[in-house]
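Architecture and fold: a report
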Amino acid sequence: MFPPVICNGDFHLSQTPTICKYLGKKFGLYPDNEVDEWHADQINTTIHDYIAEGRLCFHGINPTMTYYNQIEETKPYIERFVAERIPKWLQHFEDVLLANNGGKGFIFGNNLTYVDLGLMHALRATESQFPDAWNNADYIPTLKSFKDRMCSRPRLAAYFKSDKCRAFEGNSMM
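Criteria and cut-off values
- Residues numbered from 1 in each chain as written.
- Predicted model: local features only at pLDDT ≥ 70, side-chain atom pairs only at ≥ 80, totals over all residues.
- Heavy atoms only, no water.
- Salt bridge = Lys/Arg side-chain N within 4 Å of Asp/Glu carboxyl O.
- Helix = DSSP H or I, 4+ residues; strand = E, 2+ residues; numbered from the N terminus.
- Buried < 20%, exposed > 50% of the residue type's maximum accessible area, 1.4 Å probe, protein only.
- Pairing = 2+ DSSP bridges.

This next bit is on the pattern of salt bridges. Summed over all chains, the structure comprises seven salt bridges. Note that Asp41 and Lys21 form a salt bridge whose closest N and O atoms lie 3.7 Å from each other. Separated by 20 residues along the polypeptide, Asp41 in helix 2 (residues 34–56) and Lys21 in helix 1 (residues 16–26) bring together distant segments of the chain. Looking at Asp41, the relative accessible area reads 23%, which means it is partly exposed. Exposure remark for Lys21: the relative accessible area of 23% places this residue in the partly exposed category. In this structure, Glu84 and Arg80 form a salt bridge, with 3.8 Å as the shortest nitrogen-oxygen distance. With Glu84 and Arg80 both in helix 3 (residues 71–98) and four residues apart, this pair spans about one turn of that helix.

Here it is as structure tokens:
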């Protein structure tokens, strides 16, 4: 396992939330005011906390050992994550989304940001890795609508159908 790193000449940047923020700024997917910038940083970090917790439930005995070497031992961790943690995380993200325009658009203002893309990834991972929990989550209609809207954006939809997009493997939130 190797941490994500961006390298451009002598410039090296690691830590996924920081990379997302950097790319958001570089590609015009950044909030347009200071208040939203700080809220974006906060929510981006929260999204990555959720992904990290979801990943760890597949590695309950040893976080560096493959899931396939600890399947039986990891079952209680996955069950607890599904029963106790997913509902809390998803309800939080539902509330975050509802706070802007009743959840009809993006997390901030009227423009797509790197945080919207991060949340979409986390929701796709949840749906793929925990399909029963996702399908039974009738308490997050706005969040599900957001995921569908994001995934149907033409360029994203094309990417998801392409060979470049790898399927989730069923053993992580990554």
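Now that the structure has been shown, the text picks up again.
Here strand 1 (residues 5–8) runs beside strand 2 (residues 11–14); their pairing, made up of four bridges, is antiparallel. Bridged to Cys7 within strand 2 is His12. Here strand 1 folds back onto strand 2 in antiparallel fashion, the turn holding two residues, of which Gly9 has a positive phi close to 65°.

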